[in-house]
Structure formats: C-alpha cells, structure tokens
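Listed below, chain by chain, are the residues.
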Amino acid sequence: MQDALFRIMVVRKPISRLEMIQIALAIETGHHVHHTKCEMYECVAYRLEPLVEGGGSSHNDLDGEKIEDGPIQACVLPGAARFFSAAMT
C-alpha cells in the first residue's frame, strides 16, 4: 500500500474469547471491519491512551507483537524507507 495511512483497529471490552477468535479469523478475508466490537480508523498520525480503570494495564499489540503498556503514538514518514524485491516468476 502506498497511501501513507495507518489503519488502526480498536476492540473494546467487554468481549468474549469466542468473539476475539471470530475477529481474528475474519481478518484474513477483511470481514473483521464489519464486526460490532471493532472500530476502524485511518490516519496519518495517532496517539492511543488506554482507558484503564483502577490502575490496571492495557494490552498493546503491534502486528502481533506485544509492546509496552501505556500510551503509544506514531506518524507516517512518507518515503522514509524503500523496498526492493526480485521479480516473481
């Protein structure tokens, strides 16, 4: 994709394990965007601050990798990286 956008999916509690599995399986086909517990956002920059009551921790996940709890932010840097690959045969 070359549109210089982040696509952020937010899943809010309460949600069952079954619903999380359904969402995860639907990602492959793109149908997760229609799930009632999913909120989809497109942006060029963001800051996420968890709304955790009682001093609990949040669960931050970036492309399947657990990252530190707490606020996270990022912005798009168009042209900051270039990728090259061999032609597919």
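Above: the structure in question.
Every value quoted in this text rests on a predicted model; they were computed, and no experiment measured them.

**A look at the overall build of the protein**
Line of reasoning, step 1. Helix and strand counts for the protein come out as one helix and six strands.
Line of reasoning, step 2. Counting from the amino terminus, helix and strand elements in the protein follow one another as β-α-β-β-β-β-β.
Line of reasoning, step 3. Here the protein, with 89 residues, has 13% of them falling under the buried criterion.
Line of reasoning, step 4. Pairs at least 24 apart in sequence give 56% of the contacts found in the protein among residues at least 6 apart.
Line of reasoning, step 5. Split by element, the accessible area of the protein, about 7900 Å² in all, is 57% carbon and sulfur.

**A few points about the side chain of His32**
Line of reasoning, step 1. For His32, the position within the fold is in the loop between α1 (17–26) and β2 (38–43).
Line of reasoning, step 2. Look past the residues within four positions of His32 in its chain and what remains in contact with it is Met9, Ile23, Ala26, Ile27, Cys38 and Met40.

**Considerations on the packing of aromatic side chains**
Line of reasoning, step 1. Counted under the stated rule, the structure contains one aromatic pair.
Line of reasoning, step 2. Taken together, a centroid distance of 5.1 Å and an interplanar angle of 85 degrees make the contact between Phe6 and Tyr46 edge-to-face. One end of the pair, Phe6, is in strand β1 (residues 6–11); the other, Tyr46, is in strand β3 (residues 45–48), and 40 residues separate them in sequence.
Line of reasoning, step 3. Note on Phe6: relative accessible area 25%, which makes it partly exposed.

**Some words on the pattern of salt bridges**
Line of reasoning, step 1. Throughout the structure, instances matching the rule amount to three salt bridges.
Line of reasoning, step 2. Taking the shortest distance from any N to any O, the salt bridge between Glu19 and Lys37 comes out at 3.7 Å. Of this pair, Glu19 sits in helix α1 while Lys37 is found in the loop between α1 and β2, placing the two residues 18 residues apart along the sequence.
Line of reasoning, step 3. Glu49 is the partner of Arg47 in a salt bridge, and the nearest nitrogen-oxygen pair spans 2.7 Å.
Line of reasoning, step 4. Take Glu49: its relative accessible area is 52%, and that puts it in the exposed class.

**Side note on the nonpolar core**
Line of reasoning, step 1. Ile8, Val10, Cys43, Tyr46 and Ile72 form the largest nonpolar core, which has five residues in total.
Line of reasoning, step 2. If we skip the residues at most four places from it in the chain, Ile72 touches Tyr46, Arg47, Leu48, Asn60 and Ile67.

**Considerations on the environment of Leu5**
Line of reasoning, step 1. In this fold, Leu5 is placed in the segment before β1.
Line of reasoning, step 2. When the C-alpha positions of Leu5 and Tyr41 are compared, they lie 9.7 Å apart, and in sequence the two are 36 residues distant.
Line of reasoning, step 3. The contacts of Leu5, once residues within four sequence positions are left out, are Glu42, Cys43, Val44 and Val76.

Conventions and cut-offs
Residue numbers restart at each chain and count upward from 1, following the sequence in its written direction. Two thresholds apply to this predicted model, a pLDDT of at least 70 for residue-level local features and 80 or more for giving and counting side-chain atom pairs, whereas whole-chain, interface and lining totals are computed over all residues. Excluded from the side-chain calculation are hydrogens and water; included are all heavy atoms of the structure. Helix and strand definitions here come from DSSP, where helices need a minimum of 4 consecutive H or I residues and strands a minimum of 2 consecutive E residues; each element is numbered from the N-terminal end. Burial classification: accessible surface area is computed with a 1.4 Å probe over protein chains only, and a residue below 20% of its type maximum counts as buried, one above 50% as exposed, and the rest as partly exposed. Here, two residues are considered to be in contact whenever any of their heavy atoms come within 4.5 Å of each other. The protein chains shown are the only cover counted for residues, whose accessible areas, like all others here, come from Shrake-Rupley with a 1.4 Å probe. Paired rings are identified among Phe, Tyr and Trp, the last through its six-membered ring, by centres lying within 6.5 Å, and are further divided according to the angle between planes into stacked (under 30 degrees), edge-to-face (over 60) and tilted (the rest). Salt bridge, as used here, is a side-chain nitrogen of Lys or Arg placed within 4 Å of a carboxyl oxygen of Asp or Glu. Residues grouped as a nonpolar core are buried Ala, Val, Leu, Ile, Met, Phe, Trp, Tyr and Cys residues, joined through side-chain atoms within 4.5 Å.

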